[in-house]
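Here's the letter readout for the chains.
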Amino acid sequence: MPTEPLPRFKKLLVANRSEIAIRVFRSAHELGIRTVAIYSHEDRFALHRFKADEAYRVGNPGEPIRAYLDVPGIVALAKSVGVDAIHPGYGFLSENATFARACAEAGIQFVGPRPEVLEQLGDKVTARGIAQKANVPVLSGGDKPVASIEEAKELAAKLGYPVIIKASMGGGGRGMRVVHSADKLEESIDSARREAGTAFGVSDVFLEKFVQRAKHIEVQLIGDRHGGLVHLFERDCSIQRRHQKVVELAPAPNLPDHVRQGILDAALSVGRACGIDNASTVEFLYDTDAKKFYFIEVNPRIQVEHTVTEQVTGFDIVRSQIMIAGGYRLDDPAVGLRQADITARGFAIQCRVTTEDPANGFVPDYGRLSAYRSSGGPGIRLDAGTANPGAVITPFYDSLLVKVSASGLRFEDAARRMERCLQEFRVRGVKTNIPFLLNLINHPQFLAGDVTTRFLDETPQLFQFQGRRDRASKLLAYIAEVVVNGHPEIRGGDKEKGRQGDKTGRPVSTPSLSLSPPLAKPRGTRDTFKELGAAGFAKWTREQKRLLITDTTMRDAHQSLIATRMRTADMLAIADRYAAHHADLFSLEMW
């Protein structure tokens, strides 16, 4: 029997910034949906603002983060401009149940899981309990936040050191500390609580047994509002620095088939127990020594590394998110997500190119990009934010410059493409982590697919770099210096004398110029214009048989990047003599 057409969105706002906002705009545009960007005062020159059909400033100057966290302000703006769907991206408000509920109350569809799902998964302790009820193995640890130091010491002694402290809320490696001995436990808990409280507004932490050699495996799930749920295989996110992902792979190389299938089945069990109804990721640790896997957490949002899954499966995850939020079923032909039809072909690698200095402890670098040349070619995908010559990298946000995804039929093919792509990048003006990424991509252990979460900590040669010479920039600077100021070492010895000689050092002959007061100004075309008026001057011009010449010397001297020493004051100093000697010109052009 005929059914009513499913709701389709007309205007979608992305409550985020930079590359993920642009990523969502692209999928929305392909679905025929008008896009809306928001931007802070500090982001007023950011590229995502100009990639949307409409863009509106949010927040106040001096509040670069708060602007993107203003739930009432963003929802009110969305209502005022006719938005009927909001995609939160990742970070900021992406896992905020209050935001999702505010959208619903305003009659706007939140492109993500229901508020109830966000609430139960926002607390990792609650998520552990859900996994246990679904008969999915979890790491030994506490089933509630740490209430006191004495309780923590007792639990840690029972688990056996090392243990890991985790923030109950949030993610991104914040509020996490590995503790190897009892004398460091109290200090680490206090530090983790402070960081968690600052980052997430909740200072609760809990303890788990720390796995020394583990692979970090996560499974991409997509559910719909009708009970459907599928997986798009797994990603290996083991390469981490301070518990934050650096490089991601799909699918996980060298993972035993029975372990892979066990993890995929466990992820679906957790997803069903949680009621996942949009894109989410279930994360696990695989103990390479014990050959066992354990549930860690669920991230109910799109992930930074979703690109590698898209590359190997061929499915647009963001497009699926939007359609599912609009009421489509997974098996609808327009979505096409049937588990039997989802396959992974080849391998994909994602590297996060950041404006961090790996030779200085990965300290973020800021400033203007004096040069930016990206790569491309077969098997390369770039997801960038504000990455172009002249762009200003500010200190207010994450240091991610561009996400590079390389794919190939074999893992080694994808790795070789990634290496070639990174070598082709030219970024000047700020430091980047590209030298570090090249060391990593070329390392034999990485190429063998045999890395764990301890890889960076145990491989110091990854942090040994050769200085880049930047020959092109130095050559251009040298040429500009010589053109403008002359060569200081030619005969004559100084720059002033150098400007007066040719390349052999011989003086250059110059015309004689009287330094006496300027001559009387002869009659010129300006006098004719003042006498005849506009119409008469136009008629006079048409009647002229001679060639009428406009001189642009002053304009060219004033605008040229190399000749900017021709200042307004310099032009005024020669104006009288110019008028006296060149009165036969039709006109002068200057800025």
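Worth saying up front: this structure is predicted, and the values here are computed from it rather than measured.

Some details on the nonpolar core
Piece 1. Counting residues in each nonpolar core, the largest one holds 64 residues, and the members touching the most others are Ile222, Phe284, Phe295, Ile322 and Leu337.
Piece 2. Here this core gets eight residues from one element, more than from any other, and that element is helix H9 (residues 257–274).
Piece 3. When neighbours within four sequence positions are excluded, Leu337 is seen to be in contact with Ile222, Val230, Leu232, Phe315, Ser320, Leu330, Asp331 and Ile342.
Piece 4. In this structure, Val353, Leu401, Val402 and Phe411 belong to the second largest nonpolar core, which totals 38 residues.

Thoughts on the sheet that holds strand S4 (residues 85–87)
Piece 1. Strand order in the open sheet formed by five strands is S3-S2-S1-S4-S5, and the pairing between neighbours is parallel. The sheet is open, and its two edges are formed by strand S3 (54–57) and strand S5 (109–110), each paired on a single side.

Points about helix H8 (residues 185–200)
Residue pairs three or four apart in sequence face the same way in an α-helix, which turns once every 3.6 residues.
Piece 1. Compared with the 22 Å implied by 1.5 Å per residue over 16 residues, the 22 Å span of H8 between its first and last C-alpha is a close match.
Piece 2. If you follow the buried residues of H8, they end up packed against helix H7 (149–159), strand S6 (163–167), strand S7 (177–179) and strand S8 (205–209).
Piece 3. After H8 finishes, the residue Gly201 shows a positive phi value of roughly 80°.

Thoughts on the packing of helix H3 (residues 71–80) against helix H4 (residues 97–105)
Piece 1. Remark: H3 packs on H4, axes separated minimally by 10 Å, with the N-to-C direction vectors making an angle of 30°. Our classification of the angle between H3 and H4 gives roughly parallel. Read as a crossing pair, H3 and H4 show a hand that is right-handed. Of the residues in H4, those touching H3 at Val71, Ile74 and Val75 are Phe99, Ala102 and Cys103.
Piece 2. When grouped by side-chain class, the residues that make up the contact of H3 with H4 number six nonpolar, no polar and no charged.

A closer look at the pairing of strand S10 (residues 229–241)
Piece 1. With 13 of 13 residues buried, S10 is to be regarded as a mostly interior element.
Piece 2. Of the strand pairs in this sheet, strand S9 (residues 214–223) and S10 are connected by six bridges, and their pairing is antiparallel. Residue Ile217 lies in a different strand from S10, and its bridge partner there is Asp236.
Piece 3. A loop of five residues connects S9 with S10, the two strands running antiparallel in sequence, and Gly227 in this loop sits at a positive phi of about 95°.

Considering the pairing of strand S13 (residues 292–299)
Every other side chain in a regular strand lies on the same face of the sheet, so the side chains alternate between the two faces.
Piece 1. For S13, the tally of buried residues reaches seven of eight residues, placing the bulk of the element in the interior.
Piece 2. Sheet topology places strand S12 (residues 279–287) next to S13; seven bridges connect them, and they run antiparallel. The residue of S13 that forms the bridge with Val282 is Val298.
Piece 3. Between S12 and the antiparallel strand that follows it, S13, lie four residues; Lys291 among them carries a positive phi value of about 60°.

Observations concerning the sheet that holds S12
Piece 1. If you walk across this open sheet you meet the eight strands as S13-S12-S9-S10-S11-S14-S21-S19, and the pairing is antiparallel. Lying at the two open borders of the sheet, with one neighbouring strand each, are S13 and strand S19 (380–384). For this sheet, the mean angle separating the axes of adjacent strands, direction not counted, is 25°.
Piece 2. Of the strands in this sheet, S9, S10 and S12 touch helix H11 (residues 317–325), which is tilted by about 40° from S9.

A look at the side chain of Asp43
Piece 1. By the element assignment, Asp43 lies in the loop between strand S2 (34–39) and helix H2 (47–51).
Piece 2. Assessed through its relative accessible area of 3%, Asp43 is described here as buried.
Piece 3. Other than its neighbours up to four places away in sequence, Asp43 contacts Arg17, His48, Tyr68 and Tyr397.

So, the confidence of the model for the protein
Piece 1. A residue-level look at the protein finds 91% of positions with pLDDT of 70 or above and a mean pLDDT of 89.
Piece 2. Contacts for the low-pLDDT stretch residues 493–500, under 50 throughout, to residues beyond four places or in other chains number 13 contacts.

Focus: the environment of Thr126
Piece 1. You can see Thr126 is positioned in helix H6 (residues 124–133).
Piece 2. Among the residues examined, Thr126 registers a relative accessible area of 35% and is labelled partly exposed.
Piece 3. Here the alpha-carbon distance between Thr126 and Lys144, two residues 18 residues apart in the chain, equals 8.2 Å.

Describing the packing of aromatic side chains
Piece 1. Considering all chains together, one arrives at 15 aromatic pairs under this definition.
Piece 2. When the ring of Phe411 is compared with that of Phe446, the centres are 5.5 Å apart and the planes differ by 50°; the resulting orientation is tilted. Remark: Phe446 occurs in helix H14 (residues 444–447) and Phe411 occurs in helix H12 (residues 411–424); sequence separation between them is 35 residues.
Piece 3. Judged by its relative accessible area of 1%, Phe446 falls in the buried class.
Piece 4. Ring centres of Phe537 and Trp540 lie 5.5 Å apart, and the angle between their planes is 25°; on these two criteria the pair is classed as stacked. Within this pair, Phe537 and its partner Trp540 are both found in helix H17 (residues 525–543), separated by three residues, close to a single helical turn.
Piece 5. What links up through ring pairs into an aromatic cluster is the set Tyr68, Phe92, Phe396 and Tyr397.
Piece 6. Residue placement shows Arg17 over the ring face of Tyr397; its charged tip is 3.8 Å from the ring centre.

As for a negative patch on the surface
Piece 1. A contiguous patch of negative charge on the surface is contributed by Glu150, Asp183, Glu186, Glu187 and Asp190.
Piece 2. A total of three residues in the negative patch trace back to one element, the largest contributor, which is H8.
Piece 3. Looking at where Asp183 falls in the secondary structure, it is placed in the loop between S7 and H8.

Regarding the packing of helix H5 (residues 115–122) against H6
Piece 1. The contact between H5 and H6 brings their axes to 5 Å, and the two run at 100°. By the angle between their directions, the pair H5 and H6 is classed as roughly perpendicular. Residues Gln120, Leu121 and Gly122 of H5 form the contact with H6, whose participating residues are Lys124, Thr126, Ala127 and Ile130.
Piece 2. Its residues placed into classes, the contact of H5 with H6 shows three nonpolar, three polar and one charged.

The rules behind the values
Residues numbered from 1 in each chain as written. Predicted model: local features only at pLDDT ≥ 70, side-chain atom pairs only at ≥ 80, totals over all residues. Heavy atoms only, no water. Core = buried A, V, L, I, M, F, W, Y, C linked by side-chain atoms within 4.5 Å. Buried < 20%, exposed > 50% of the residue type's maximum accessible area, 1.4 Å probe, protein only. Helix = DSSP H or I, 4+ residues; strand = E, 2+ residues; numbered from the N terminus. Contact = heavy atoms within 4.5 Å. Pairing = 2+ DSSP bridges. Expected span 1.5 Å × (residues − 1). Axes fitted to C-alpha atoms, helices over the stretch in contact; angles between N-to-C directions. Parallel < 35°, antiparallel > 145°, perpendicular 65-115°, else oblique. Left-handed = near helix turned anticlockwise from the far one by under 90°. Nonpolar A, V, L, I, M, F, W, Y, C, P; charged D, E, K, R; others polar. pLDDT = per-residue confidence, 0-100. Phe/Tyr/Trp six-rings, centres within 6.5 Å; stacked < 30°, edge-to-face > 60°. Lys NZ or Arg CZ within 6 Å of the ring centre and 35° of its normal. Patch = residues over 30% accessible without salt bridge, like charges linked within 9 Å, V, L, I, M, F, W, Y side chains within 5 Å. Areas by Shrake-Rupley, 256 points an atom, 1.4 Å probe, with all protein chains shown as cover. Salt bridge = Lys/Arg side-chain N within 4 Å of Asp/Glu carboxyl O. Lys, Arg positive; Asp, Glu negative; His and termini not counted. Charge placed at Lys NZ, Arg CZ, Asp CG, Glu CD.

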